[in-house]
Amino acid sequence: LGKSGDADADGAVAALDIHASADYLLSAYVSGKVVLWELARGSQLRVVTDAHAASVSLVRFSHPTDPVAISVDTRGCVNRITFTKSLFATWAHESECLLDGAAGPIPMLAVLPHLRAARFS
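Predicted model, so just to flag it, every value in this text is computed and none were measured.

Caption draft 1: Representation of the pairing of strand 1 (residues 13–18) within the structure. As judged from the five bridges shared by strand 1 and strand 2 (residues 24–29), these two strands associate in the antiparallel manner. By the bridge assignment for strand 2, Ile 18 is matched with Leu 25. In sequence, strand 1 turns back onto strand 2 through a hairpin of five residues, with Ala 22 there showing a positive phi of about 65°.

Caption draft 2: Seen up close, the sheet that holds strand 2. Strand order in the open sheet formed by four strands is 1-2-3-4, with antiparallel pairing between adjacent strands. If you trace the sheet from one side to the other, it starts and ends with strand 1 and strand 4 (43–48), each paired once. With strand direction ignored, the average angle separating the axes of adjacent strands in the sheet is 20°.

Caption draft 3: Region of interest: the layout of surface pockets. One number sums up the size of the largest pocket: a volume of about 190 Å³. Around the largest pocket, the lining residues are Ala 22, Asp 23, Tyr 24, Glu 38, Ala 40, Arg 41, Leu 45, Lys 85, Ala 89 and Trp 91. Per-class residue counts for the lining of the largest pocket are six nonpolar, no polar and four charged.

Caption draft 4: Geometry of the nonpolar core. Core analysis: the largest hydrophobic core is formed by 16 residues, its most contacted members being Leu 26, Val 34, Leu 36 and Phe 83. When contributions to this core are tallied by element, the ones reaching two or more residues are strand 2, strand 3 (34–38), strand 4, strand 5 (56–61) and strand 7 (77–85). For Leu 36, the contacting residues outside a window of four places in its chain are Tyr 24, Leu 25, Leu 26, Ser 43, Gln 44, Leu 45, Arg 46, Phe 61, Pro 67, Phe 83 and Trp 91.

Caption draft 5: Seen up close, the pattern of salt bridges. Inspection of the entire model under this criterion finds two salt bridges. One salt bridge connects Glu 38 with Arg 41, and the closest N-O pair in it is separated by 3.5 Å. Glu 96 is the salt-bridge partner of Arg 80, the closest N and O atoms lying 2.9 Å from each other. Placement of Arg 80 in strand 7 and of Glu 96 in strand 8 (residues 91–100) is noted, with a sequence separation of 16 residues between them.

Caption draft 6: How the structure looks around the sheet that holds strand 5. One open sheet accounts for four strands, arranged 5-6-7-8; its pairing is antiparallel. Since the sheet does not close on itself, it has two edges, and those belong to strand 5 and strand 8, each with one partner. Recorded for the sheet is a direction-independent mean angle of 20° between the axes of neighbouring strands. As defined by bridge partners, strand 5 adjoins strand 6 (residues 68–73) across five bridges and the pair is classed as antiparallel. Bridge pairing links Leu 58 to Val 72 in strand 6.

Cut-offs and rules
Residues numbered from 1 in each chain as written. Predicted model: local features only at pLDDT ≥ 70, side-chain atom pairs only at ≥ 80, totals over all residues. Heavy atoms only, no water. Pairing = 2+ DSSP bridges. Helix = DSSP H or I, 4+ residues; strand = E, 2+ residues; numbered from the N terminus. Axes fitted to C-alpha atoms, helices over the stretch in contact; angles between N-to-C directions. 1 Å grid on protein atoms, 1.4 Å probe; cavity = no way out; pocket = protein on both sides within 12 Å on 5 of 7 lines; lining within 4 Å. Points joined across faces, edges and corners; volume = space filled by probe spheres on them. Nonpolar A, V, L, I, M, F, W, Y, C, P; charged D, E, K, R; others polar. Core = buried A, V, L, I, M, F, W, Y, C linked by side-chain atoms within 4.5 Å. Buried < 20%, exposed > 50% of the residue type's maximum accessible area, 1.4 Å probe, protein only. Contact = heavy atoms within 4.5 Å. Salt bridge = Lys/Arg side-chain N within 4 Å of Asp/Glu carboxyl O.

In structure tokens:
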């Protein structure tokens, strides 16, 4: 996946995750870039460059069916990145800041499985 010149521009791959469906792969880089890949074709679906200004230290899919990710950088910024496919098969993303890094670095993160809302009677 990727081109040999990508390492020069983005630095090393710092984090990886494979979606539960095995359809998608996330790669995160020292440059702060996050990429959504389609595994079957080995093609980039969406490149995210606006979520992190520092090296991404962790990236995890957070939804069992949809390509939604949580990413963390070395400054402690945590983002939720929601990837969506448009009508013409192009991909878009929306980044939502969950933590702004003011509390400092986050050395570890566990993404809990997505659960349906429980109904209590």
